[in-house]
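Topology and contacts: notes
Each chain, letter by letter, is given below.
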Amino acid sequence: MSSYAVQLAAHQQKYTQAIAQARHTGAQGFTAWFNREAAQDATQAMVRGFWDFGMHILTPPVCAHLDRPERRSALEIGYGGGRLLYAASHFFGWVHGVDIHAEAGYVAQQLRAAGRHNFQLYRTPGDVLPIADASVDLVYSFIVLQHLPRYTVLVRYLHETRRCLRAGGVAQLYFGRFGRLHALHQVRWWWRGYREVPHATANQISLVVRVGVMRRLCATLGLQVLAHGSSYYRVPDGYPTQRGGQSYVTLYRG
Ligand SMILES: C[S@@+](CC[C@H](N)C(=O)[O-])C[C@H]1O[C@@H](n2cnc3c(N)ncnc32)[C@H](O)[C@@H]1O
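Calculation criteria
- Along each chain, numbering runs from 1 in the same order as the chain's sequence is written.
- In view of the model being predicted, local features appear only for residues whose pLDDT reaches at least 70, and side-chain atom pairs are presented and counted only at 80 or more, with totals across whole chains, interfaces and linings using the full set of residues.
- Only hydrogens and water are removed before side-chain values are computed, so all heavy atoms of the structure are retained for them.
- Helical segments are the DSSP runs of H or I of at least four residues, strand segments are the runs of E of at least two, and each set is numbered from the N terminus.
- As used in this structure description, the phrase polar contact means that two N or O atoms lie within 3.5 Å; if the pair is within protein, one of them must be able to donate a hydrogen and the other to accept it, and residues adjacent in sequence are counted only when both atoms belong to side chains.
- Here, residues are in contact when the closest pair of their heavy atoms is within 4.5 Å.
- Simply put, an axis is a line fit to the C-alpha atoms, just over the touching stretch for a helix, and the angle between two N-to-C directions goes from 0 to 180 degrees.
- Under this scheme an angle from 65 to 115 degrees is roughly perpendicular, one under 35 degrees roughly parallel, and one over 145 degrees roughly antiparallel; angles in between are oblique.
- Here the term charged refers only to Asp, Glu, Lys and Arg, the term nonpolar to Ala, Val, Leu, Ile, Met, Phe, Trp, Tyr, Cys and Pro, and the term polar to all other amino acids, Gly among them.
- Each residue's exposure class comes from its accessible area (1.4 Å probe, protein chains only) as a fraction of the maximum for that residue type: buried when under 20%, exposed when over 50%, partly exposed otherwise.
- Pairing between strands is defined by DSSP: at least two bridges between the two strands are required.
- Crossover handedness is defined here as right-handed if the route from the first strand over the helix to the second strand goes clockwise, with the strands pointing away from the viewer.
- By convention a nonpolar core is built from buried Ala, Val, Leu, Ile, Met, Phe, Trp, Tyr and Cys residues, the set being connected through side-chain atoms within 4.5 Å.
- To be near a molecule or strand, a residue needs just one of its heavy atoms within 4 Å of it.
- Each accessible area value is a Shrake-Rupley result obtained with a 1.4 Å probe; residue values ignore everything except the protein chains displayed when judging cover.

Quick word on the side chain of Asp 127
Along the chain, Asp 127 falls in the loop between strand S3 (119-123) and strand S4 (136-141). Looking at Asp 127, its side chain comes within polar contact range of the side chain of Tyr 4, at 2.6 Å. A polar side-chain atom of Asp 127 sits 3.4 Å from a polar atom in the side chain of Arg 156. Apart from the residues within four sequence positions on either side, Asp 127 is in contact with Tyr 4, Leu 8, Val 153, Arg 156, Tyr 157 and Glu 160.

Set out below in structure tokens:
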């Protein structure tokens with residue numbers, strides 16, 4: 001196996017184990033694991049899921065490309081415990097969720113118990129979207145790409161995003177903000193344009209990328225950059241004064 005494959009397998013195992021452990025602590029521990037900032041219990045997770053989905057994902061440039069959403073589909077990279085997917089399933093006709101963990105059965109059961117049936121969950125080895133070419137209208141990801149083990153995995157996911165999007169589709173992708181690095185580290189990693197922390201534990205930040213580098217990469221892969229910006233902590237409590245630890249790009253597949 002190549003070092004890339006070994007590292008990806010280790011990454012998946014690390015998250016699979018940590019999330020399985022969280023599940024054994026009970027429903028509350030499971031929910032809290034995915035978003036400690038704003039999800040202490042299931043109700044809070046679902047309410048904040050709607051806020052995050054509304055404010056971080058359904059931005060005006062995204063909405064401008066999504067007429068008749070009841071006929072459209074969305075795909076989440078890293079659906080975790082399903083709080084954003086739950087919100088997305090109210091806004092779209094169909095939603096796909098992709099994650100590396102092994103708790104899809106449990107999350108699906110919770111979503112069905114909450115009355116949602118227009119979704120499908122898939123397990124990925126960590127750099128693949130197991131969805132047909134040109135089949136989705138929106139790809140989104142929040143608090144996930146900052147946990148990738150390598151920059152190359154991000155490149156793979158951008159290729160996959162382009163492949164899965166229909167012509168005219170959009171993507172709203174959040175990734176680790178380069179500006180969260182200490183100033184000395186920013187200087188050190190500036191020319192490379194990103195910093196990887198390969199041995200980070202599950203849920204630690206392992207990848208931050210400069211927005212300029214991300215923009216160039218997307219353009220090279222044939223994805224037009226419509227907008228870029230940053231996340232906010234605990235929306236709406238911290239909005240708009242508390243900038244979060246993620247940057248985003250809004251992408252268009254022509
Ligand atoms: C902090 S949680 C966020 C979950 C969800 N997006 C939310 O906002 O509630 C991070 C999730 O990313 C998933 N993840 C980490 N690396 C991944 C990868 N390479 N591909 C897909 N999902 C990944 C983890 O398994 C975990 O479910």
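So, the packing of helix H1 (residues 3-24) against helix H2 (residues 27-34)
Each packed pair of helices is defined by two parameters, the angle between the axes and the distance between the axes. Where H1 meets H2, the axes come as close as 7 Å, and the angle between the chain directions of the two elements is 140°. Classified by the angle between their axes, H1 and H2 sit oblique to one another. In contact with Tyr 15, Ala 18, Ile 19, Ala 22 and Arg 23 of H1, H2 contributes Gly 29, Phe 30, Trp 33 and Phe 34. Residue composition of the contact of H1 with H2, by class: 7 nonpolar, 1 polar and 1 charged.

Notes on helix H5 (residues 83-91)
Each full turn of the α-helix corresponds to 3.6 residues, which orients residues three or four apart in the same direction. With 7 of 9 residues buried, H5 lies mostly within the body of the structure. The set of residues buried in H5 consists of Arg 83, Leu 84, Leu 85, Tyr 86, Ala 87, Ala 88 and Ser 89. Of the surrounding elements, those touching the buried residues of H5 are helix H3 (42-57), strand S1 (73-77), strand S2 (94-99), helix H6 (104-113), S3 and S4.

Focus: H6
For H6, the full list of buried residues reads Tyr 106, Val 107, Ala 108 and Leu 111. The secondary structure elements touched by the buried residues of H6 are H1, H2, H5 and S3. Phi for Gly 115, located one or two positions after H6, is positive at around 90°.

A word on the side chain of Gln 12
With respect to the helices and strands, the residue Gln 12 is situated in helix H1. When sequence neighbours within four positions are dropped, the list of residues in contact with Gln 12 reads Ile 100, Arg 123, Thr 124 and Pro 125.

Structural notes on the pairing of S4
Where burial is concerned, most of S4 is hidden: 6 out of the 6 residues are buried. The pairing of S1 with S4 spans 3 bridges and is parallel. What sits directly across from Leu 75, in S4, is Val 139. This β-α-β element, S4 to helix H7 (residues 151-164) to strand S5 (residues 165-177), shows right-handed connectivity.

Structural notes on the nonpolar core
Counting residues in each nonpolar core, the largest one holds 36 residues, and the members touching the most others are Trp 33, Phe 53, Leu 85, Phe 92, Leu 138 and Tyr 140. Where this core is concerned, the elements lending two or more residues are H1, H2, H3, H5, H6, S3, S4 and S5. When residues of this core are assigned to their parent elements, the largest contribution, 5 residues, is made by H5. Excluding anything up to four places from it in sequence, Trp 33 contacts Tyr 15, Ala 18, Ile 19, Ala 22, Ala 202 and Asn 203.

Quick word on the site of the ligand
Of all residues adjacent to the ligand, which total 20 residues, the nearest are Gly 78, Arg 83, Asp 99, Phe 142 and Tyr 157. Interatomic distance of 2.6 Å between a side-chain N/O atom of Asp 99 and an oxygen atom of the ligand. About the coverage of the ligand: the protein hides 99% of its 600 Å² of free accessible area. Listing elements by their share of the shell around the ligand, those giving two or more residues are H1 and H5. With 3 residues, the single largest contributor to the shell around the ligand is H1. Here the residues of the shell around the ligand sort into 11 nonpolar, 6 polar and 3 charged.

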